[in-house]
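Listed below are the residues making up each chain.
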Amino acid sequence: MLKFNTKQRKKLLSLGDLYIRGDGIPVQGIYDQRIIENNGQVSQTMMLTCNQGELKQDDTININGSNYIVAYINDDNSGIVDCYLNIKGVGAHGKFI
């Protein structure tokens, strides 16, 4: 995998927004939702792409007024990771729980 330098990572992530981690620390990232249909079953996958090391599994992050838990991190050692998210709150359930 191609390793991105700091300037490249900053430029890519500047396309996203600033989100707030549960401890109040801001995280620059790109939020994405994907709807997948398979044999009549519909599921939604939510993820945040950010710098490696800014989030870890079980961290909480607020995105657009909703709290999410980082459930899984896909790290290809490029310096940028995809953090798969579960919604947090009463009655919430997700793919990675």
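Figured I'd write up the structure that's included with this text.

Calculation rules
Residues numbered from 1 in each chain as written. Predicted model: local features only at pLDDT ≥ 70, side-chain atom pairs only at ≥ 80, totals over all residues. Heavy atoms only, no water. Pairing = 2+ DSSP bridges. Helix = DSSP H or I, 4+ residues; strand = E, 2+ residues; numbered from the N terminus. Salt bridge = Lys/Arg side-chain N within 4 Å of Asp/Glu carboxyl O. Buried < 20%, exposed > 50% of the residue type's maximum accessible area, 1.4 Å probe, protein only.

### Some points on the pairing of strand 2 (residues 26-38)
No. 1: Here strand 1 (residues 17-21) runs beside strand 2; their pairing, made up of 4 bridges, is antiparallel. Looking across to strand 2, one finds that Leu18 is bridged to Gln28.
No. 2: Linking two consecutive strands that pair antiparallel, namely strand 1 and strand 2, is a turn of 4 residues; a positive phi of about 90° is found at Gly24 within it.
No. 3: The sheet contact formed by strand 2 and strand 3 (residues 41-51) spans 10 bridges and is antiparallel.

### Remarks on the pattern of salt bridges
Oppositely charged side chains are able to pair whenever their charged atoms sit close together.
No. 1: Within this structure, the stated rule accounts for 3 salt bridges.
No. 2: Note that Arg34 is salt-bridged to Asp32, the shortest N-O span being 2.9 Å.
No. 3: Taking the relative accessible area as the measure of exposure, Asp32 reaches 26% and is therefore partly exposed.
No. 4: Here Lys56 makes a salt bridge to Asp59, at a shortest N to O gap of 2.9 Å.

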